[in-house]
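Spelled out, the chains give:
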Amino acid sequence: MSSAEQAVSRYVQDPTATVSISAFTSAGLTWFGPLLHALSSGGNPRLVLHDRDVGQDAFPALTADYDLVIAHRLEHSRLWPDTITALPLVREPLDIAMSDRHRLAQAPSVSVTDLLEEEWVSVQDGFPLESALQAIAVHAGKPLAVTHRINEFFIAAAIVSAGSAIALMPRHTAPPRSDSGIILKPIHDLPLARHVDILCRPEALHRTAVQKVVTTLQHHASSDER
């Protein structure tokens, strides 16, 4: 028993132990690179990274397979279950992405009424941004004209840049390149946002290596908000 306790203690306190992380696509693109760079020197955790883009309700179950799960949910959706630990990472506004040739491109912001007749790129059923589009439709009092259903923001951006549709996109984790021909506009009469959180099993935070990764992620997320 004493040997087993010592082995567990060494594992829990080992700052170089392996930490597995899953993230939805745009979060992985935003933070995996900086995280690897920040923890590349000796004495830091060994990272094992995975991209898992799932429906909002499926994120908590991923904590059974990974030490940390970077997940997102809409601001007014139900909270994560209390059987897991949820650590806030960033509150991210959602904007309207449009071509820089769009008729509203010169406006500082847009209203729901401005968007009523537009063609939309949406996500697949069950994914977090879908209910944000539903909120726009409810506010407008009519269904949106959804033509394309694309989960990957960079594919959606290619459609938007062609000038034939608009889309809802996060402001920080998937910003368009300056040369992409896409601009983001806030909706001034219906502010929308999502929460990006770190989910984990409660016992995972007892590990020194996991704590170091969480602290590093939170530091980079707060820098992105500024």
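Sequence order as written defines residue numbering, which begins from 1 separately in each chain. Two thresholds apply to this predicted model, a pLDDT of at least 70 for residue-level local features and 80 or more for giving and counting side-chain atom pairs, whereas whole-chain, interface and lining totals are computed over all residues. As a rule here, side-chain values come from all non-hydrogen atoms in the structure, and water together with hydrogens is ignored.

Another aspect to go through is the overall build of the protein chain. Secondary structure is summarised from DSSP: a helix means a run of H or I of at least four residues, a strand means a run of E of at least two, and numbering begins at the N terminus for each. Helix and strand counts for the protein chain come out as 5 helices and 9 strands. When the helices and strands of the protein chain are read in sequence order from the N terminus, they spell out α-β-α-β-β-β-β-α-β-α-β-β-β-α. Along the longest, intermediate and shortest principal axes, the C-alpha atoms of the protein chain span 70 × 35 × 25 Å. For the protein chain, with 226 residues in total, the buried portion stands at 47%. Pairs of residues are marked as contacts when any of their non-hydrogen atoms sit within 4.5 Å. When contacts within the protein chain are restricted to residue pairs at least 6 apart in sequence, those whose partners lie at least 24 apart make up 78%. For every residue, the accessible area obtained with a 1.4 Å probe (protein chains only) is divided by the maximum for its type, and the residue is called buried under 20%, exposed over 50%, and partly exposed between those limits.

Classification of ring pairs rests on two measures: the distance between centres of Phe, Tyr or Trp rings, Trp counted by its six-membered ring, which must be within 6.5 Å, and the angle between planes, read as stacked under 30 degrees, edge-to-face over 60 and tilted in between. Within this structure, the stated rule accounts for 2 aromatic pairs. With a centroid separation of 6.3 Å and 70° between ring planes, the pair formed by Phe24 and Phe59 is classed as edge-to-face. Pair noted here: Phe24 is in the loop between β1 (18-23) and α2 (25-38) and Phe59 is in the loop between β2 (46-51) and β3 (68-74), with a separation of 35 residues, a long-range link. No difference in accessibility class separates Phe24 from Phe59, as the two residues are buried. Seen in terms of ring centroids, Phe59 and Trp80 are 6.2 Å apart; in terms of plane orientation they differ by 85°. Their pairing is edge-to-face.

Moving on to the pairing of strand β7 (residues 166-170). For β7, the tally of buried residues reaches 5 of 5 residues, placing the bulk of the element in the interior. Neither face of β7 is left uncovered, since the one carrying Ile166, Leu168 and Pro170 and the one carrying Ala167 and Met169 both have all their residues buried. A pair of strands is labelled paired if DSSP reports no fewer than 2 bridges between them. As judged from the 4 bridges shared by strand β4 (residues 85-99) and β7, these two strands associate in the antiparallel manner. If you follow Ala97 over to β7, its bridge partner there is Ala167. Pairing of strand β5 (residues 119-122) with β7, which is carried by 2 bridges, proceeds in the parallel orientation. Residue pairing across strands places Val121 opposite Ala167, the latter belonging to β7.

Any carboxyl oxygen of Asp or Glu within 4 Å of a side-chain nitrogen of Lys or Arg constitutes a salt bridge here. This model, assessed by the stated rule, comprises 11 salt bridges. With a shortest N-O distance of 3.7 Å, Asp67 and Arg201 are connected by a salt bridge. You can see Asp67 sitting in the loop between β2 and β3 and its partner Arg201 sitting in the loop between β9 (192-200) and α5 (208-225), a full 134 residues away along the chain. In this structure, Glu117 and Lys142 form a salt bridge, with 3.2 Å as the shortest nitrogen-oxygen distance.

Let us look at α2. Every helix has an expected span of 1.5 Å times one less than the residues it contains. Over its 14 residues, α2 extends 20 Å from the first C-alpha to the last, a length consistent with the 20 Å expected when each residue adds 1.5 Å. Trp31 marks the point of greatest bend in α2, at about 35°, and the proline Pro34 comes within the next four residues. Looking at α2, one finds that the buried residues are Ser26, Ala27, Gly28, Thr30, Trp31, Phe32 and Leu35. At any given residue, the bend is defined as the angle formed between two axes, one fitted to the seven residues that end at that position and one fitted to the seven that begin there.

Throughout, nonpolar core names a set of buried Ala, Val, Leu, Ile, Met, Phe, Trp, Tyr and Cys residues whose side chains join them through atoms within 4.5 Å. Ranked by internal contacts, the top residues of the largest apolar core, which has 35 residues, are Ile21, Trp31, Phe59, Leu68, Ile70 and Val213. Looking at this core, the elements that each hand over two or more residues are β1, α2, β3, β4, β9 and α5. In terms of residues, this core owes the most to one element, α5, which gives 6 residues. Phe59 has contacts with Phe24, Arg52, Val54, Val69, Ile70, Ala71, His72, Trp80 and Leu199, leaving out every residue within four places of it along the chain. If you look at the next biggest cluster of nonpolar residues, it comprises 34 residues, including Val110, Leu144, Met169 and Ala174.

On to helix α4 (residues 153-161). Since the α-helix turns once every 3.6 residues, residues separated by three or four places project in the same direction. Regarding α4, the residues found buried are Phe153, Ala156, Ala157, Ile159 and Val160. Buried residues of α4, viewed axially, fall in a sector of 160°; they line one side. Counting of polar contacts relies on pairs of N or O atoms within 3.5 Å, with two restrictions inside protein: one atom must be capable of donating a hydrogen and the other of accepting it, and residues adjacent in sequence are counted only when both atoms are side-chain atoms. Among the residues of α4, the N-terminal cap falls to Glu152, whose side-chain oxygen and the backbone nitrogen of Phe154 are separated by 3.0 Å. Positioned one or two residues after α4, Gly163 has a phi angle of 90°, which is positive. Arc definition: it is the arc formed by the directions from the helix axis to the C-beta atoms.

Our next topic: the environment of Gln56. The topology assignment puts Gln56 in the loop between β2 and β3. Gln56 sits in the buried class, given a relative accessible area of 12%. For the pair Gln56 and Phe127, spaced 71 residues apart in sequence, the C-alpha to C-alpha distance is 5.8 Å. Beyond its immediate stretch of four places on either side in the chain, Gln56 contacts His72, Arg73, Leu74, Ser77, Arg78, Trp80, Gly126 and Pro128. Reaching out from Gln56, the side chain makes a polar contact with the side chain of Ser77 at a distance of 3.0 Å.

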